[in-house]
Amino acid sequence: MSHRTRKSSLRRAALLGAAAVLGGAFALPSTAAAADPVPQCTAADSAIYRPPGSVTAAPGTVLACRAVDSLPMVVGAPAFHAWKALYASTDGHDNPSAVAGTVIVPDAPWRGAGERPVVAFTPGTLGIGSQCAFSKQLSGAYQDAYEGPNITALLRAGFAVAATDGAGYLDGEVHPYVSGPDAGHAVLDMVRAAARVPGSGVSPRAQVGIWGYSEGGAGGLWAAQLAGSYAPELNIVGVASGGAPTDLKAAARNLDGSPFAGFLVDALIGLSVTHPDLPFDGILGDTGRTAVRDAETLCAVGTVARFAGTRVDRLTADHLSLEQIYALSGPDGTTWSDVAEESRLGVGVGRPGSGARYEVGFPVLEYHGLLDEVIPIGSVAATRRAYCAAGIPAEWKTYGADHLLGDARAVNDAVGWLGDRFAHRTLTAPSC
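The structure reproduced in this document is the subject of the present report. (Residues numbered from 1 in each chain as written. Predicted model: local features only at pLDDT ≥ 70, side-chain atom pairs only at ≥ 80, totals over all residues. Heavy atoms only, no water.)

## Concerning unusual backbone geometry
Okay, step 1: Even without being glycine, Val 178 reaches a positive phi, approximately 65°.
Okay, step 2: Mapping Val 178 onto the fold places it in the loop between strand 7 (160–164) and helix 4 (180–194).
Okay, step 3: With phi around 55°, His 319 is a residue other than glycine that occupies positive phi space.
Okay, step 4: Checked against the element boundaries, His 319 lands in the loop between helix 9 (300–307) and helix 10 (322–327).
Okay, step 5: The class for His 319 is exposed, based on a relative accessible area of 53%. (Helix = DSSP H or I, 4+ residues; strand = E, 2+ residues; numbered from the N terminus. Buried < 20%, exposed > 50% of the residue type's maximum accessible area, 1.4 Å probe, protein only.)

Dropping the structure here:
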């Protein structure tokens, strides 16, 4: 496994030990009704969140799964079957890893052409502790997740849903918040895993749409940029991304000292997990050490409340500003600034066959609230212009909403846009 646990807020420890015994996870239920021959996954819930000692299976392989009886957050949806799954993936440094997520499939037959489409859903910010995992919250361990209506809208449209938790949500792990490659790989491998969950009926040849907002919007765009090289077999037809932190430095400037400074605290912790050689633990003061410990125990609402107004210079022993932190480097010379710049979306993109580092062969929808107080709208618009300049069809839509309300306002538009891509309809809005 690649993501590290912490024995305290000051040091990172090795991941949990021995490999989980997951045999028999796919056994047929002994009392299955004759009218419902769909096999069920029978792994214990704890097995879904237990980090394997090592992962040797191919990315997208289901390591354990269990049927889920209900999803209390998904209100008003048509009848469905759902499964939690632990699946093989790859972290941002191309090391084998394991990630959990949820597969949800409507019971009603798909009435459209071809196979039932699947939407890879990547949730917005939930917090960096393992207790905040989206699959846990969907299935009733409620903390403060807020995107149940998004899932409901997808199911009403008849789409299958492959909702990743994202990397770093297994027991004892710390979520690598805002790490783009970690997020992108988790999204793509969740789609692969959905087709391998026994009884899901999801076809590996199905059309795939990607959708996410805020942190999920960035994860979705990273999945889009990585798909051509990492998962070329997936039939991706479009990505809808809203309120995404596409430029980490721009987001950090906006968040430092703001009511939403907790997202910046989580980002610094998340990048310290993926880049453990960068100076971090050693530069913290007592306030910073307490902040790290607290952040790892809080989910989204608690994070916002705990760190409202926090300034980064109050967390370090020497009162370092963001710019001074960016200048700090690890043993190999990599700086915090380098890591932040590597995460900028829209850089090195191009159409298939262009030879670009990230080749994107399908349309992109980006949307944003005009009153967004968390993510600067200018940085997201700049990403859209970069896609346009690279010849990638990129639509743009705005709403008279702040960051939180921007997610809710766009649900029907995003689902409709994905439906148009599945139906191969021509883009209706001006594109670039």
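## Section: helix 3 (residues 148–156)
Okay, step 1: Within helix 3, seven of the nine residues are buried, leaving the element largely enclosed by the surrounding structure.
Okay, step 2: Taken from the residues just after helix 3, Gly 158 is the one with a positive phi, measuring 90°.

## Points about the nonpolar core
Okay, step 1: Of all hydrophobic cores here, the largest spans 48 residues; its most connected members are Val 118, Leu 188, Ile 236 and Tyr 387.
Okay, step 2: Counting residues per element, this core draws most heavily on helix 5 (residues 215–230), at eight residues.
Okay, step 3: If we ignore the near neighbours within four places in the chain, the residues touching Ile 236 are Leu 188, Val 208, Ile 210, Ala 227 and Phe 362.
Okay, step 4: One finds Val 119, Ala 133, Ala 240 and Ala 414 within the second-largest nonpolar core, a separate group that totals 38 residues. (Core = buried A, V, L, I, M, F, W, Y, C linked by side-chain atoms within 4.5 Å. Contact = heavy atoms within 4.5 Å.)

## Focus: the state of the cysteines
Okay, step 1: According to the stated counting rule, one finds two disulfides in the structure shown.
Okay, step 2: Disulfide partner of Cys 41: Cys 65, at an S-S distance of 2.0 Å. For the disulfide bridge between Cys 41 and Cys 65, the dihedral angle about the S-S bond is near -80°, and by the sign convention the bridge is left-handed. Of the two residues, Cys 41 sits in the loop between strand 2 (12–13) and helix 1 (45–48) while Cys 65 sits in strand 3 (residues 62–68), which places them 24 residues apart along the sequence. Here Cys 41 and Cys 65 have matching classes, each one buried.
Okay, step 3: Note on cysteine connectivity: Cys 132 is disulfide-linked to Cys 299, with sulfurs 2.1 Å apart. Classification of the bridge connecting Cys 132 and Cys 299 rests on its S-S torsion, roughly -100°, and on that basis the disulfide is left-handed. Within this pair, whereas Cys 132 is found in the loop between strand 6 (118–122) and helix 2 (134–138), its partner Cys 299 is found in the loop between helix 8 (286–295) and helix 9, the two being separated by 167 residues in sequence. (Disulfide = S-S within 2.5 Å.)

## Structural notes on helix 6 (residues 248–255)
Three or four residues apart is the spacing at which side chains of an α-helix point the same way, because the helix has 3.6 residues per turn.
Okay, step 1: In terms of residue burial, helix 6 counts as a mostly covered element, since six of its eight residues are buried.
Okay, step 2: Among the residues of helix 6, Leu 248, Lys 249, Ala 250, Ala 251, Ala 252 and Leu 255 are the ones counted as buried.
Okay, step 3: Elements that come into contact with the buried residues of helix 6 comprise helix 7 (261–274), helix 10, helix 11 (336–342) and helix 12 (377–389).
Okay, step 4: Two or three places before Lys 249, at the start of helix 6, stands the capping residue Asp 247, its side-chain oxygen 3.1 Å from that residue's backbone nitrogen. (Polar contact = N/O pair within 3.5 Å; in protein donor to acceptor, adjacent residues only side chain to side chain.)

## Let's talk about a negative patch on the surface
Okay, step 1: Among the surface-exposed residues, Asp 277, Asp 332, Asp 338 and Glu 342 lie close enough to one another that they form a single negatively charged patch.
Okay, step 2: Within the fold, Glu 342 resides in helix 11. (Patch = residues over 30% accessible without salt bridge, like charges linked within 9 Å, V, L, I, M, F, W, Y side chains within 5 Å. Areas by Shrake-Rupley, 256 points an atom, 1.4 Å probe, with all protein chains shown as cover. Salt bridge = Lys/Arg side-chain N within 4 Å of Asp/Glu carboxyl O. Lys, Arg positive; Asp, Glu negative; His and termini not counted. Charge placed at Lys NZ, Arg CZ, Asp CG, Glu CD.)

## What to know about the environment of Arg 306
Okay, step 1: One can find Arg 306 in helix 9.
Okay, step 2: The sequence separation of Arg 306 and Asp 294 amounts to 12 residues, and the corresponding C-alpha distance is 8.3 Å.
Okay, step 3: In contact with Arg 306, not counting residues within four places along its chain, are Thr 290, Ala 291, Asp 294 and Leu 298.

## Structural notes on the pattern of salt bridges
Opposite charge on two side chains permits them to pair, given that their charged atoms come into close proximity.
Okay, step 1: One pass over the full model with this rule turns up 13 salt bridges.
Okay, step 2: Across the pair Arg 192 and Glu 233 runs a salt bridge, and its minimum N-O distance is 2.7 Å. Residue Arg 192 is located in helix 4, and its partner Glu 233 is located in the loop between helix 5 and strand 9 (235–242); the two are separated by 41 residues in the primary sequence.
Okay, step 3: Residue Asp 256 pairs with Arg 311 through a salt bridge whose shortest N-O separation is 3.6 Å. Here Asp 256 is found in the loop between helix 6 and helix 7, whereas its partner Arg 311 is found in the loop between helix 9 and helix 10, with 55 residues between them in sequence.
Okay, step 4: Here Arg 311 falls in the partly exposed class, since its relative accessible area comes to 38%.
Okay, step 5: Shared partners join several salt bridges into a network, and the residues in it are Asp 247, Lys 249, Glu 341 and Arg 344.

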